[in-house]
Amino acid sequence: MKININVDVHHLTRVEGHGNIKIQVKDGEIKEARWDIVETPRFFEVMFKNKHYTTIGILAARICGICSISHCLCSIRATENAFKVTIPETAAKLRLLAKHGETLQSHLLHVLFLAAPDFFNEPSVLPLIEKKPEVIAIAARLKGLSNRLCDTVAGRTTHPVAFQVGGVTMVPQKRHLLGLRDELKRSLDDLQIVADLFSSFTLPNFIRETEFVSLKGEKEYPFIGGSLISSDGVEQKEQDYRPMTNEYVDKNNTSKWSKLSRESYAVGALARFNNNAQLIHPKAAEVAAKLGLKPVCHNPFMNNVAQLVECVHVVHEAIRLIDELVESDPGETMAKVTPKAGEGVGAVEAPRGILFHHYKYDKTGRILKANCVVPTTQNNANIHHDMKSLVNKFGLTKEMTDEKLELLCSMLVRSYDPCISCSVH
Amino acid sequence: MKYLGIEPQKPKIAVFDFTGCEGCQLQLLNKEETLADFLSAVEIVCFREASSLCSDDYDIAIVEGAVSRNDEVKRLEKIRETAKVVVALGSCACFGGVNRLKNEFDLKAANKEVYGKDPKETINVRPVKDIIPVDIEIPGCPVSKAEVESLICHVVWDSPFQLPVYPVCVECKQRFTTCLFDIGQMCLGPITRAGCNAPCPAGGIGCWGCRGPAVEPNYKSFFAIVKEKGFSDIELKERLNFFGAFGEVNVS
């Protein structure tokens, strides 16, 4: 029997933004296997032009509704590097604490609300409210906590209000931080239950050797700033992100594509873990071991597991940061900022992977030129190439149907937790 | 969820996204303490970001994002034909939002700057009401989930739905936030519609007017104060333009 398969997904569901899957297998031969981004472009890099530096972080946050804290922090870091500003220690700790809140919030939303329904054979999280109330209760509890952490430290979860060039403008009260600390401690039991749940799922056994790009941790698992590393051995400084990302335009996509040593590369939780596993919190390492995640892991479906492992890591790290913050006097939280002509690059590990903002300023502190390289922009070409390989491995058997292959390919895309509107900024 | 022993009608709701950051949709899944009640009060038949199911049979269309491409115009027209009620969700849907800043640039040059020799289709950003009639607007960047809940209560139980008529200043007073003008910063609080609980002034960045004008704002006095405090017309215009919500206001 000749194998013929057609998959045509217009606007894939349970991902942020608009992308299409198109697969055609004719007489056992792959004619087409594509992942394309059709999101409407917004032209943020143009909108930044001539804006004052005090405005940029607020505007940059609007690139993404899920990782607005990362975009804001990356943006103000780029400006601080351009103006040669060093922020006070308390401000750096509060920014990192908010970052941990966002990582937790974003990963939980993905793992439990967007990815998990596939493993329960449900179209969405909604039927699980009745069928798996205990899982939904945990999901709501954990997500509520991560939102409260962001609200307390960043002033708001979506589009933060406490971060400005030079530091932070708001210091949370100690009693609020201590309340969150108790909740974070308790959340570890919930995360353990989620990890047990994931160990009962079967992830597709799919390997495609991939280059992974992330920040390189020195003493700590990296989130904000530092040098860049790839699993193929390339290293660059933060400001030299261009030879690391090599963006180019693909005619079928409104998102750009990226490459480094191979035809594409991957960023995100799996990339961070693969490049920095030795720095992850020991309790998170235990969860990784239990779920079979070892560096360097080349199965993209394991990004779900890496996100869960990072959830455990950021909860432990958030508790440590709160301990340090409540034990010390906050002191100054804003450095003096004097605009000057020049360029600056910021690199931040957003939940979905490494993010770069690059600005060129005039001497009055207004932007002359801006460039942003976003995590999903870097992942899109890799998803596209993964999909061909996935169809090749699983799609050419007699048992395969249009529906089964559609689900498998959709799950592949969802594993990357794509933030498509972000990638077409 | 019964009310006075009677099962209420669940409105069929569809959520659609256009040009924007999708942060307002995300708010629909927030406010975890009432999330289960919220979801059980309605029947969500289409919500691409959260569910793989989608039906064309719906009463209320919640539309997020602005319009910036011709295919979006067609999608909106079809939604208007199907829905009994169209809700514009968030500042992008209501006013165009920050996306509208793009309109100040030449689109051909902008396209060349971002995409080089492979330009992508794009048109000037417009709010939803410029394309189809909108029944209810919930402004905000992002929206307040409490206002979305209030809208659902309005549709299900006919309880009143009313956005605050007073400005953000009232909410700053309620939460004891020091006036931003008193510490030398610009703030659109005096002319912007409240309902957000004023997080931006409390965070130290002042109000940027994402919810649009309050009812009958006193622009004349506000502009006089801005001038008296030493801010330039350019600073004021930039802030009024930020979310595209004060389009018809003339500063001078």
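The residue numbering used here restarts from 1 in each chain and proceeds along that chain's sequence as written. The lettering of chains begins at A and the numbering of ligands begins at 1, in the order of writing. In view of the model being predicted, local features appear only for residues whose pLDDT reaches at least 70, and side-chain atom pairs are presented and counted only at 80 or more, with totals across whole chains, interfaces and linings using the full set of residues. As a rule here, side-chain values cover all heavy atoms of the structure and leave hydrogens and water aside.

## Topic: the overall build of chain B
Turning to step 1, where the next piece is worked out: Secondary structure is summarised from DSSP: a helix means a run of H or I of at least four residues, a strand means a run of E of at least two, and numbering begins at the N terminus for each. On a plain count of helices and strands, chain B comes out with 10 helices and five strands.
Turning to step 2, where the next piece is worked out: In terms of overall size, chain B behaves like a compact globule, its C-alpha atoms giving a radius of gyration of 20 Å where 252 residues would be expected to give roughly 18 Å.
Turning to step 3, where the next piece is worked out: When the backbone C-alpha atoms are referred to their principal axes, chain B occupies close to 60 × 55 × 25 Å.
Turning to step 4, where the next piece is worked out: Expressed as a percentage of its 252 residues, the buried residues of chain B come to 56%.
Turning to step 5, where the next piece is worked out: Sequence-distant contacts, at least 24 apart, represent 73% of the contacts inside chain B between residues at least 6 apart.
Turning to step 6, where the next piece is worked out: Areas reported here follow the Shrake-Rupley algorithm with a probe of radius 1.4 Å; residue values treat only the protein chains shown as occluding. In the structure as shown, chain B presents an accessible area of about 11200 Å², 54% of it carried by carbon and sulfur atoms. All radius of gyration figures rest on C-alpha atoms, and the globule criterion is 2.2 Å times the number of residues raised to 0.38. Relative accessibility decides the category of a residue: with a 1.4 Å probe and only protein chains considered, values under 20% of the type maximum give buried, values over 50% give exposed, and everything between is partly exposed. In this analysis, two residues are considered to be in contact whenever any of their non-hydrogen atoms come within 4.5 Å of each other.

## Focus on the environment of glycine 184 of chain B
All names here are of chain B.
Turning to step 1, where the next piece is worked out: Structurally, glycine 184 is set in the loop between helix H7 (168-174) and helix H8 (199-203).
Turning to step 2, where the next piece is worked out: For glycine 184, a relative accessible area of 53% translates into the label exposed.
Turning to step 3, where the next piece is worked out: It is 8.9 Å that separates the C-alpha atoms of glycine 184 and glycine 230, two residues lying 46 residues apart in sequence.

## Description of the domain arrangement of chain B
Residue and element names in this part refer to chain B.
Turning to step 1, where the next piece is worked out: For chain B, the assigned domains read domain 1 (12-157) and domain 2 (168-241).
Turning to step 2, where the next piece is worked out: Between domain 1 and domain 2, the contact holds nine residues from the first and six residues from the second.
Turning to step 3, where the next piece is worked out: Put simply, buried area is how much 1.4 Å-probe accessible surface two parts lose in total, over both of them, once they are put together. Each partner contributes to the roughly 540 Å² buried at the junction of domain 1 and domain 2, and carbon and sulfur atoms together form 50% of this total.
Turning to step 4, where the next piece is worked out: Ranking the residues of domain 1 by area buried against domain 2 places Phe95, Pro139 and Glu147 at the top, with a combined share of 49%.
Turning to step 5, where the next piece is worked out: Within this document, salt bridges are pairs made up of a side-chain nitrogen of Lys or Arg and a carboxyl oxygen of Asp or Glu, the two lying within 4 Å of each other. Between the two partners, domain 1 and domain 2, sit one salt bridge.
Turning to step 6, where the next piece is worked out: The partner of glutamate 147 in a salt bridge is arginine 211, with the nearest N and O atoms 2.7 Å apart.
Turning to step 7, where the next piece is worked out: Of the residues belonging to the side of domain 1 that touches domain 2, the class tally is four nonpolar, three polar and two charged. Source of the domain bounds: an automatic or database domain assignment. Here the term charged refers only to Asp, Glu, Lys and Arg, the term nonpolar to Ala, Val, Leu, Ile, Met, Phe, Trp, Tyr, Cys and Pro, and the term polar to all other amino acids, Gly among them.

## Concerning the sheet that holds strand E12 (residues 367-373) of chain A
Residues and elements named next belong to chain A.
Turning to step 1, where the next piece is worked out: Only strands that DSSP links by at least two bridges are regarded as paired with each other. Spatial strand order, E10-E11-E12: three strands in an open sheet with antiparallel pairing. The open sheet has two edge strands, strand E10 (342-350) and E12, and neither has a second partner. When strand polarity is set aside, the average angle formed by the axes of neighbouring strands in this sheet is 15°.
Turning to step 2, where the next piece is worked out: Of the strand pairs in this sheet, E10 and strand E11 (residues 353-361) are connected by nine bridges, and their pairing is antiparallel. Following the sheet pairing, valine 345 is matched in E11 by histidine 358.
Turning to step 3, where the next piece is worked out: Helix axes are fitted only over the stretch in contact, all axes being lines through C-alpha atoms; the angle between N-to-C directions runs from 0 to 180 degrees. Packing against the sheet, helix H2 (residues 53-61) makes contact with E11 and E12, and its axis sits at approximately 155° to E11.

## Comments concerning the packing of aromatic side chains
Turning to step 1, where the next piece is worked out: Stacked, edge-to-face and tilted labels apply to pairs of Phe, Tyr and Trp rings (six-membered ring for Trp) whose centres lie within 6.5 Å, assigned for plane angles under 30 degrees, over 60, and everything in between, in that order. As enumerated under the stated definition, the model contains 22 aromatic pairs over all chains in all.
Turning to step 2, where the next piece is worked out: For the ring pair phenylalanine 44 of chain A and phenylalanine 48 of chain A, a centre distance of 6.1 Å and an interplane angle of 50° mean the geometry is tilted. Of the two residues examined, phenylalanine 44 of chain A and phenylalanine 48 of chain A, each falls in the buried class.
Turning to step 3, where the next piece is worked out: Ring geometry for tyrosine 248 of chain A versus tryptophan 257 of chain A: centroids 6.4 Å apart, planes at 85°, classification edge-to-face.
Turning to step 4, where the next piece is worked out: Grouping aromatic residues by their ring pairs yields a cluster made of Phe44, Phe48, Tyr53, Phe83, Tyr359 and Tyr361 of chain A.
Turning to step 5, where the next piece is worked out: Both a distance and an angle decide whether a charge sits over a ring: NZ of Lys or CZ of Arg must be within 6 Å of the ring centre and within 35 degrees of the ring normal. Lying across the ring of phenylalanine 113 of chain A, lysine 143 of chain A places its NZ or CZ 5.6 Å from the centre.
Turning to step 6, where the next piece is worked out: Sitting over the face of the ring of tyrosine 115 of chain B, lysine 120 of chain B holds its NZ or CZ atom 5.6 Å from the ring centroid.

## Concerning the nonpolar core
Turning to step 1, where the next piece is worked out: Buried Ala, Val, Leu, Ile, Met, Phe, Trp, Tyr and Cys residues form a nonpolar core when they are joined through side-chain atoms within 4.5 Å. The biggest cluster of nonpolar side chains holds 178 residues, and the ones touching the most others in it are Ile21, Ile23, Phe48, Phe163 and Leu293 of chain A.
Turning to step 2, where the next piece is worked out: If you count residues domain by domain, this core takes at least three from each of domain 1 (12-157) and domain 2 (168-241) of chain B.
Turning to step 3, where the next piece is worked out: Here isoleucine 23 of chain A is in contact with Ile5, Asn6, Val7, Glu32, Ala33, Met387, Val391, Leu405 and Cys409 of chain A, once residues within four sequence places are set aside.
Turning to step 4, where the next piece is worked out: Within the second largest apolar cluster, 41 residues are counted, among which are Val73, Val86, Phe223 and Leu236 of chain B.

## Comments concerning the sheet that holds strand E2 (residues 19-26) of chain A
All names here are of chain A.
Turning to step 1, where the next piece is worked out: Ordered by their spatial adjacency, three strands build an open sheet running E1-E2-E3, and the pairing between neighbours is antiparallel. Every other strand in the sheet has two partners, leaving strand E1 (5-9) and strand E3 (29-37) as the edge strands with one partner each. Each neighbouring strand pair of the sheet contributes to a mean axis angle of 5°, computed without reference to strand direction.
Turning to step 2, where the next piece is worked out: As paired strands, E1 and E2 are joined by five bridges and run antiparallel to one another. Bridge pairing links aspartate 8 to lysine 22 in E2.
Turning to step 3, where the next piece is worked out: Across the sheet, helix H12 (residues 375-394) is in contact with E2 and E3; its angle to E3 comes to roughly 155°.
Turning to step 4, where the next piece is worked out: Lying over the sheet, helix H13 (residues 402-415) contacts E1, E2 and E3, oriented at roughly 45° with respect to E1.

## Remarks on the pairing of strand E6 (residues 211-215) of chain A
Residues and elements named next belong to chain A.
Turning to step 1, where the next piece is worked out: For E6, the buried fraction is high: five of the five residues fall into the buried class.
Turning to step 2, where the next piece is worked out: Of the pairings in the sheet, the one linking E6 to strand E9 (residues 265-266) comprises two bridges and is parallel in character. For glutamate 211, the partnering residue across the bridge sits in E9 and is tyrosine 265.
Turning to step 3, where the next piece is worked out: Pairing geometry for E6 and strand E7 (residues 228-230), over three bridges, is antiparallel.

## Digging into H2 of chain A
All names here are of chain A.
Turning to step 1, where the next piece is worked out: Buried residues dominate H2, accounting for eight of its nine residues.
Turning to step 2, where the next piece is worked out: Among the residues of H2, Tyr53, Thr55, Ile56, Gly57, Ile58, Leu59, Ala60 and Ala61 are the ones counted as buried.
Turning to step 3, where the next piece is worked out: Elements that come into contact with the buried residues of H2 comprise helix H1 (44-47), helix H3 (68-83), E11 and E12.

## Brief notes about the side chain of serine 124 of chain A
Turning to step 1, where the next piece is worked out: With respect to the helices and strands, serine 124 of chain A occurs in the loop between helix H4 (89-119) and helix H5 (128-131).
Turning to step 2, where the next piece is worked out: Owing to a relative accessible area of 3%, serine 124 of chain A belongs among the buried residues under this scheme.
Turning to step 3, where the next piece is worked out: We define a polar contact as two N or O atoms separated by no more than 3.5 Å, with the added condition that, inside protein, one atom must be a possible hydrogen donor and the other a possible acceptor, whereas residues neighbouring each other in sequence contribute only through side-chain atom pairs. Of note is the side chain of serine 124 of chain A, whose polar atom sits 3.0 Å from the backbone nitrogen of leucine 126 of chain A.
Turning to step 4, where the next piece is worked out: Not counting the four nearest positions on each side in its chain, serine 124 of chain A is found in contact with Arg14 and Pro117 of chain A together with Ala50 and Ser51 of chain B.

## Considerations on the layout of surface pockets
Turning to step 1, where the next piece is worked out: Only protein atoms enter the 1 Å grid used here. Points where a 1.4 Å probe fits but cannot escape make up a cavity, open sets with protein on both sides within 12 Å along at least five of seven lines make up a pocket, and a residue lines them when an atom lies within 4 Å of a point. Grid points are joined across faces, edges and corners, and a volume is the space filled by probe spheres set on the points. Estimates place the volume of the largest pocket at around 1200 Å³.
Turning to step 2, where the next piece is worked out: Along its surface, the largest pocket is lined by 41 residues, and Asp151, Gly155 and Arg156 of chain A together with Arg175 and Pro199 of chain B are the ones closest to its centre.
Turning to step 3, where the next piece is worked out: Listed by contribution, the elements that provide at least two residues to the lining of the largest pocket are helix H6 (133-154) and helix H7 (174-199) of chain A together with helix H6 (145-157) and H8 of chain B.
Turning to step 4, where the next piece is worked out: Here the lining of the largest pocket takes five residues from H6 of chain A, the largest share from any one element.
Turning to step 5, where the next piece is worked out: Of the residues belonging to the lining of the largest pocket, the class tally is 13 nonpolar, 18 polar and 10 charged.
Turning to step 6, where the next piece is worked out: There are two domains that each give the lining of the largest pocket at least three residues, and those are domain 1 (12-157) and domain 2 (168-241) of chain B.

## Describing the confidence of the model for chain B
Turning to step 1, where the next piece is worked out: For every residue, the pLDDT score states the predictor's confidence, bounded by 0 at the bottom and 100 at the top. With 99% of its residues at a pLDDT of at least 70, chain B reaches an overall mean of 93.
Turning to step 2, where the next piece is worked out: This prediction of the complex comes with two scores: 0.96 for pTM and 0.95 for ipTM.

## Points about unusual backbone geometry
Turning to step 1, where the next piece is worked out: Between proline 295 of chain A and the following residue, valine 296 of chain A, the backbone shows a cis peptide bond with an omega angle of -10°.
Turning to step 2, where the next piece is worked out: With respect to the secondary-structure elements, valine 296 of chain A resides in the loop between helix H10 (282-290) and helix H11 (303-327).
Turning to step 3, where the next piece is worked out: Note that the residue after cysteine 141 of chain B, namely proline 142 of chain B, is joined by a cis bond; omega there is 0°.
Turning to step 4, where the next piece is worked out: The residue proline 142 of chain B is located in the loop between strand E5 (136-138) and H6 in this model.

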